[in-house]
Amino acid sequence: MRVLVLGGDGFCGWPTALHLSAKGHEVAIVDNLSRREIDEELEVQSLTPITPMETRLAVWKKLTGRSIAFHKLTMGQDYDAFLSLLSSWRPTAIVHFAEQRAAPYSMKSAKHKRYTVNNNLNATNDMLAAVVESGLDIHIVHLGTMGVYGYGTAGMAIPEGYLSIKIQTPNGLVDQEILYPANPGSIYHMTKTQDALFFQFYAKNDKLRITDLHQGIVWGCQTEETRQDEALINRFDYDGDYGTVLNRFLIQSQVGHPLTVHGAGGQTRAFINIQDTVRCIALALDNPPRRGERVKIMNQMTECHRVRDLAELVSRLTGAEIAYLPNPRAEADENDLFVENKHLRGYGLKPITLADGLLTEIAETARAFADRADLTKVPCVSAWNAERAADISGPPPARRMPG
Ligand code: USQ
């Protein structure tokens with residue numbers, strides 16, 4: 001397959017590009033390196049040192065003999081250049097990661113809300129419009145989020161994108177399937193719910209073949225491919241905007257910071273290991289929808305956990321202290337979560353689940369680079385609204401040792 005990876009410099013995009021290349025696909029990356037620019041804006045860096053794109057690709061070529069081309073384009077802005085790339089390179093598939101992916105970053109200020117909306121929605125619409133204009137039959141695989149469903153307690157297992165309902169008609173009850181009601185919890189998550197509507201429209205109107213992967217929170221750092229050389233190492237974010245919860249706890253445990261649980265840590269979320277992320281994308285590429293079929297939606301997650309249980313697990317393994325902090329986010333204090341993931345399991349995914357050994361290995365990666373951590377960047381300071389902002393500027397939190 002000839003696969004164009006949009007956003008191939010990011011935390012999920014980079015290991016995906018390598019994984020697809022290792023599997024023998026012809027791969028090219030489109031990226032504007034905005035994730036590196038955001039590091040500069042936030043005055044923070046990945047815990048692991050990231051080499052320049054040219055170095056990454058040269059090292060991969062030297063190790064494997066496989067070339068990955070790189071096109072520095074801004075999706076959502078450089079439309080003509082993107083269309084001409086499609087027309088000349090003629091990919092069979094596009095994997096679309098080219099979106100601002102951090103909820104706290106999207107909630108920092110009006111400027112960040114506007115950036116996230118402009119960037120994400122224009123990137124998605126430009127990609128779809130360009131595929132139509134190219135006239136090529138390209139399978140589009142998009143990285144969506146479990147957050148489109150919202151994080152209340154649904155009282156049922158969250159289905160894969162579509163909800164079966166019964167509606168009352170003059171002829172009695174009729175079965176229907178609708179897109180699961182969107183319930184975003186941040187501006188970032190809202191852009192993904194809007195993406196889902198773009199996909200519905202373009203699949204219906206232009207018969208584009210689209211797979212939308214509703215991914216949970218990714219944990220872990222390295223994959224089989226990124227481990228092969230230090231120059232290929234993946235990002236490992238720990239800061240209050242881009243670090244995700246389990247990775248943050250693992251890093252915090254190694255850099256001498258208490259584990260930062262929001263509220264009582266009652267939020268239950270879906271999780272997936274980074275190695276499974278790249279495997280799922282390969283599986284999605286191998287199992288495209290037919291032309292004219294509705295958008296194929298798959299829940300890309302492997303297990304659900306409550307935040308405080310994760311903190312306790314990491315604390316048990318590492319002896320780290322836990323801090324229960326005022327929550328900067330407007331979110332339910334407690335929720336239950338059950339999720340269907342039959343598609344990807346049916347395609348043969350054998351999930352990597354949380355295991356002490358694996359967590360310890362990730363913590364060791366963190367320890368190796370602990371001296372690069374700037375502890376002032378650990379707190380989550382992006383408040384969802386004025387009320388939350390007042391909460392987090394209050395007195396210092398309670399802390400306790402495990403046990
Ligand atoms: N949380 C803490 N302490 C922290 C950081 C987070 O208790 O130090 C809590 C948050 O309040 C939240 C939960 O952990 O309840 C998850 O937060 P997160 O930052 O790990 O994940 P989230 O903001 O939801 O976003 C991440 C990715 C995003 C992806 C999403 C999948 O950044 O790109 O779409 O996970 S999901 O959460 O399933 O929507």
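Residues numbered from 1 in each chain as written. Predicted model: local features only at pLDDT ≥ 70, side-chain atom pairs only at ≥ 80, totals over all residues.

### Some thoughts on the nonpolar core
- In terms of nonpolar packing, the biggest core is built from 93 residues, with V5, L6, V95 and L250 touching the most fellow members.
- Sequence-distant contacts of V95, that is, excluding residues within four places in its chain, are made with V3, V5, L6, T16, V141 and I281. (Core = buried A, V, L, I, M, F, W, Y, C linked by C-beta atoms within 7 Å. Buried ≥ 20, exposed ≤ 12 C-beta atoms within 10 Å, placed from the backbone. Contact = placed C-beta atoms within 7 Å.)

### Notes on the packing of helix α8 (residues 245–255) against helix α10 (residues 307–318)
- Where α8 meets α10, the axes come as close as 10 Å, and the angle between the chain directions of the two elements is 25°. Looking at the two axes, α8 sits roughly parallel to α10. Crossing geometry of α8 relative to α10 is assigned as right-handed. Residues V245, L246, F249, L250 and S253 of α8 lie in contact with α10, whose contacting residues are V307, L310, A311, V314 and T318. (Axes fitted to C-alpha atoms, helices over the stretch in contact; angles between N-to-C directions. Helix = DSSP H or I, 4+ residues; strand = E, 2+ residues; numbered from the N terminus. Parallel < 35°, antiparallel > 145°, perpendicular 65-115°, else oblique. Left-handed = near helix turned anticlockwise from the far one by under 90°.)

### Description of the site of the ligand
- Taken together, 24 residues are adjacent to the ligand, and T145, M146, G147, V245 and H262 come closest.
- Secondary-structure elements contributing two or more residues to the shell around the ligand are α8, β10 (259–262) and β11 (268–273).
- A per-element tally of the shell around the ligand places β10 first, with 3 residues.
- Looking at the shell around the ligand, its residues break down into 9 nonpolar, 10 polar and 5 charged. (Near = placed C-beta within 6 Å. Nonpolar A, V, L, I, M, F, W, Y, C, P; charged D, E, K, R; others polar.)

### Some details on the sheet that holds strand β4 (residues 93–96)
- Across the sheet, 7 strands lie side by side as β3-β2-β1-β4-β5-β8-β12; this open sheet has parallel pairing. Every other strand in the sheet has two partners, leaving β3 (68–72) and β12 (296–300) as the edge strands with one partner each. Averaged over all adjacent pairs, the angle separating strand axes in this sheet is 20°, with direction ignored.
- Pairing of strand β5 (residues 139–145) with strand β8 (residues 209–215) involves 7 bridges; the strand directions are parallel. Across the sheet, residue T145 finds its bridge partner in β8, namely Q215.
- Helix-sheet contacts for helix α7 (residues 187–206) involve β5 and β8, and the interaxial angle to β5 is about 155°. (Pairing = 2+ DSSP bridges.)

### Some details on the sheet that holds strand β13 (residues 303–306)
- The strand order β9-β11-β13 describes an open sheet built from 3 strands, whose pairing is mixed. The open sheet is flanked by β9 (217–219) and β13, the only strands paired with a single partner. Each strand of the sheet is rotated relative to its neighbour by a mean of 45°, with strand direction disregarded.
- Bridging between β11 and β13 involves 4 bridges; their strand directions are antiparallel. Paired with F271 across the strands is E303, a residue of β13.
- Against the sheet, helix α9 (residues 274–286) contacts β9 and β11, and its axis sits at roughly 75° relative to β11.

### Some details on the pairing of β11
- For β11, the tally of buried residues reaches 5 of 6 residues, placing the bulk of the element in the interior.
- Pairing geometry for β9 and β11, over 3 bridges, is parallel. Residue pairing across strands places I217 opposite F271, the latter belonging to β11.

All quantities given are derived from atomic positions and should not be read as evidence of function.
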